Structures are given as C-alpha cells and as structure tokens.
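# Observations on the three-dimensional arrangement
Spelled out, the chains give:
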Amino acid sequence: MGARGHGLSAPTQHGEGRPRCPARGCPRSAQRSRRVLASPSAHKRFSELLPREQRDNACSARVPGSRVLTLPELRANPFRHRICRVFSTAEDGDDSLSFEDFLDMMSVFSDAATSDIKSHYAFRIFDFDDDGTLDRNDLEKLVNCLTGQGEESRLSSAEMEQLIQNILEESDIDKDGTINLSEFQHVVSRSPDFASSFKIVL
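Quick caveat: nothing in here was measured; it's all calculated off a predicted structure.

## Let's talk about the overall build of the protein
Secondary structure assignment for the protein yields 12 helices and 2 strands. Reading the secondary structure of the protein in the N-to-C direction produces α-α-α-β-α-α-α-β-α-α-α-α-α-α. Residue burial in the protein is summarised as follows: out of 202 residues, 45% are buried. Pairs at least 24 apart in sequence give 57% of the contacts found in the protein among residues at least 6 apart. Accessible surface for the protein amounts to roughly 10800 Å². Of this, 50% is attributable to carbon and sulfur atoms.

## Digging into the pattern of salt bridges
Going through the model one piece at a time under the given rule, you end up with 8 salt bridges. Of the charged contacts, one joins E73 and R45 as a salt bridge, the two residues approaching to 3.0 Å between their closest N and O atoms. Linking E73 in helix α5 (residues 72–75) with R45 in helix α3 (residues 41–48), this pair joins segments that are 28 residues apart in sequence. The exposure class assigned to E73 is partly exposed, which follows from its relative accessible area of 23%.

## Notes on the packing of aromatic side chains
Within the structure shown, the criterion is met by 9 aromatic pairs. Aromatic pair F46 and F99: ring centres 5.4 Å apart, planes at 55°, arrangement tilted. A residue pair is termed long-range when its members are at least 10 positions apart, and F46 in helix α3 and F99 in helix α7 (residues 99–108) qualify at 53 residues. Overall, F46 belongs to the buried group, its relative accessible area being 0%. When its relative accessible area of 2% is taken as the criterion, F99 is described as buried. Here F87 and Y121 contribute two aromatic rings whose centre-to-centre distance is 4.9 Å and whose plane-to-plane angle is 10°, an arrangement assigned as stacked.

## Points about the environment of P51
With respect to the secondary-structure elements, P51 resides in the loop between α3 and β1 (62–63). Exposure remark for P51: the relative accessible area of 37% places this residue in the partly exposed category. Between the alpha carbons of P51 and V63 there is a distance of 9.3 Å; along the sequence they are 12 residues apart.

## Focus on helix α8 (residues 115–126)
Across its 12 residues, α8 extends 16 Å between first and last C-alpha, which sits within 8% of the 16 Å expected from 1.5 Å per residue. Where burial is concerned, most of α8 is hidden: 10 out of the 12 residues are buried.

## Remarks on the nonpolar core
Core analysis: the biggest nonpolar cluster contains 45 residues, and F87 and M105 have the highest contact counts within it. Broken down by secondary-structure element, the contributors of at least two residues to this core are α3, α6 (80–87), α7, α8, α9 (136–147), α10 (157–171) and α11 (181–188).

## Some words on the packing of α6 against α8
Two numbers describe how α6 lies on α8: the axes approach to 9 Å, and their chain directions differ by 115°. The orientation of α6 relative to α8 falls into the category roughly perpendicular. Our pair here, α6 against α8, has a crossing hand that is right-handed. Facing α6, whose interface residues are R82, I83, V86 and F87, α8 presents Y121, R124 and I125. Classifying every residue of the contact of α6 with α8 by side-chain character gives 5 nonpolar, no polar and 2 charged.

## Side note on the confidence of the model for the protein
This prediction gives the protein a mean pLDDT of 83; 79% of its residues lie at or above 70. The model gives residues 1–31 a pLDDT under 50, and that stretch makes 71 contacts with residues more than four places away or in other chains. Scored below 50 in pLDDT, residues 33–38 shows 12 contacts in the model against residues more than four places distant or in partner chains.

Scoring rules and cut-offs
Residues numbered from 1 in each chain as written. Predicted model: local features only at pLDDT ≥ 70, side-chain atom pairs only at ≥ 80, totals over all residues. Heavy atoms only, no water. Helix = DSSP H or I, 4+ residues; strand = E, 2+ residues; numbered from the N terminus. Buried < 20%, exposed > 50% of the residue type's maximum accessible area, 1.4 Å probe, protein only. Contact = heavy atoms within 4.5 Å. Areas by Shrake-Rupley, 256 points an atom, 1.4 Å probe, with all protein chains shown as cover. Salt bridge = Lys/Arg side-chain N within 4 Å of Asp/Glu carboxyl O. Phe/Tyr/Trp six-rings, centres within 6.5 Å; stacked < 30°, edge-to-face > 60°. Expected span 1.5 Å × (residues − 1). Core = buried A, V, L, I, M, F, W, Y, C linked by side-chain atoms within 4.5 Å. Axes fitted to C-alpha atoms, helices over the stretch in contact; angles between N-to-C directions. Parallel < 35°, antiparallel > 145°, perpendicular 65-115°, else oblique. Left-handed = near helix turned anticlockwise from the far one by under 90°. Nonpolar A, V, L, I, M, F, W, Y, C, P; charged D, E, K, R; others polar. pLDDT = per-residue confidence, 0-100.

Next up, the structure:
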C-alpha cells in the first residue's frame, strides 16, 4: 500500500490544492468532516499531545503512537493499537500520527462519516495482518480483543472454533474461507447500530 496510505481516496487521501488548516497554514484534505474541522478542538487536542516547544508548529510535527494512546477516547479501546497503525502514514512504521493523520482519524470516527467509510476503516482495523482479507487468525484476534484475555472471559478452543465457523458461515459469501471487504460491508449494512457505535467524540 506504500507508506501505509489510507487507501480511501475520496474522503481521506491527501492531495494537491488543499485548503489550509487553522495553524501555520498547514494543508488538509478538502473533503474531511466539516464538523471535525469547524472547531479548533481537534487541533487543540493534537497539540496537547506534543511537547510544549513543538506546539506552535503542530502541523509539521508527528505524535508518537504511545502518546496518541493516552487519549481517554482510545485508552480503553481494545483496538487502539490497530487504530494508530491504520491511520499512521509514518514511513518507518512507528505508528506516529501527523496532524493530517489525526484529522483523518477523527473524521472517520465522527457522526458525519458515512457507513461505507466507517466500514472500510473497520475492516482495515480488523485486518490484523494487513493482507486485505479477514481470515481465521484475524477473526480469532478480533474475538479476543472483544472478549478480553482474562481467564474468566477467554473462550475455549472449541468455543472459539465454533464462533469463527458461525461468523464465516454468515459472512463468507464466496466460501473461500475468508471475509473480503465487500462481504464485510454486506454484513455491516444489516447492522443499523454500526455507524453510531463506530465513533470517537472529542
């Protein structure tokens, strides 16, 4: 995918001729959620993650993934590490976020993002090995994230196998043993609460 670009061209991909963001004339994507960008709260939250001496140049700085994970909105999220990985465009894979990356993340998780955009990114977050499909290993990691790793909540091998089989029977339309993006979006389209639950509020 190259530099771990976000991969969804219309709403999120960085481009030329962009408007400017609130600080230091930093460029941003023209089609991001107006609701996120209308308020300075996103820039303020991003700046607060930086050392004080870097805050005046927030738009050219990158926040380490470990700092992003201190946000209360992400701290308890079982997919927090995957969220940083998916939205980071860092060349060296350190999961750091630029202000652009941060805006993209907040736009996708905002109420203004469409179900198609949200499901696209949910699929990428759940695709732990980044191979473009959800296979049994991805589904097992997904279930473990949702149920927790504690002794009381962990599923037995038989329970895990049965649950994964049930998921594939419901979602794997072409019966190739994996779930692709279109299959995932088909399942999500039948879940009316998905868009409202897939959000982070600043």
